[in-house]
Amino acid sequence: MNKFLKITIGVLSVILLGIGLLLVVFLVEMKPDKDEEEKIKIQAEQYLEDKFNDNFEIYDTLYDNMGNFGFDYAAKVRDKKSNTEFLVYYDNEAEQMVDTYIADKWTGELETEIGPFIKENFGKITVIHVFFSNDRIGQELGIDPVNPRSYKEFVVEPAIRITVPRKRTDLDEKTLNELISL
């Protein structure tokens, strides 16, 4: 029995030590590197000076510690006039700094335009999520961020997800067709 107890305590100790080590590694990986955050801020400031005017400010950074985006660090930027918030980051594929300004601006415009119609026809609790699958759409279309144009002037296809917390009704299809024709 004494030998069994020693082996059990030894195995449990190794398991607890392993769990503790994994927890420490996880916590270390979750913390952003201050030097990298400062580096992206400097790069973003230079990018904003080159591409934008003085109406834009960097207000924070984003560390993608879970691999959700195509970057590790990004600067969070705000348009002081419209309050449009967007990201500026280094794109490894394109090997240059890029921004999501036009995609985020158009997303806001579209949500503002269709939001009242959706809330009126589907209910106030309805959740609307609009996005453009290509965050760099502004650069690809050659749009000047200082004089941005509306999404209506281009042939673009946004994705619109509408979450309605109720069962489907007979009028839903008709209402969706009306929304599409807006």
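In the block above lies the structure referred to throughout.
Report follows, based on the coordinates.

**Side note on unusual backbone geometry**
The phi dihedral of Asn-83 is positive, around 65°, even though this residue is not glycine. Considering the arrangement of structural elements, one finds Asn-83 in the loop between strand S2 (73-79) and strand S3 (85-91). Overall, the relative accessible area of 53% leaves Asn-83 in the exposed class. Of note in this structure, Glu-95 is not a glycine but carries a positive phi near 55°. Structurally, the position occupied by Glu-95 is in the loop between S3 and strand S4 (96-99). Taking the relative accessible area as the measure of exposure, Glu-95 reaches 61% and is therefore exposed.

**Focus on the environment of Glu-37**
Along the chain, Glu-37 falls in helix H2 (residues 34-51). On a C-alpha basis, the gap between Glu-37 and Glu-49 in space is 18 Å, while along the polypeptide they are twelve residues apart.

**Let's talk about the environment of Val-164**
Note on placement: Val-164 falls in the loop between strand S6 (159-163) and helix H5 (172-181). Once the C-alpha coordinates of Val-164 and Glu-37 are considered, the two residues, 127 residues apart in sequence, prove to be 39 Å apart. Other than its neighbours up to four places away in sequence, Val-164 contacts Phe-122 and Thr-126.

What counts, and at which threshold
Residues numbered from 1 in each chain as written. Predicted model: local features only at pLDDT ≥ 70, side-chain atom pairs only at ≥ 80, totals over all residues. Heavy atoms only, no water. Helix = DSSP H or I, 4+ residues; strand = E, 2+ residues; numbered from the N terminus. Buried < 20%, exposed > 50% of the residue type's maximum accessible area, 1.4 Å probe, protein only. Contact = heavy atoms within 4.5 Å.

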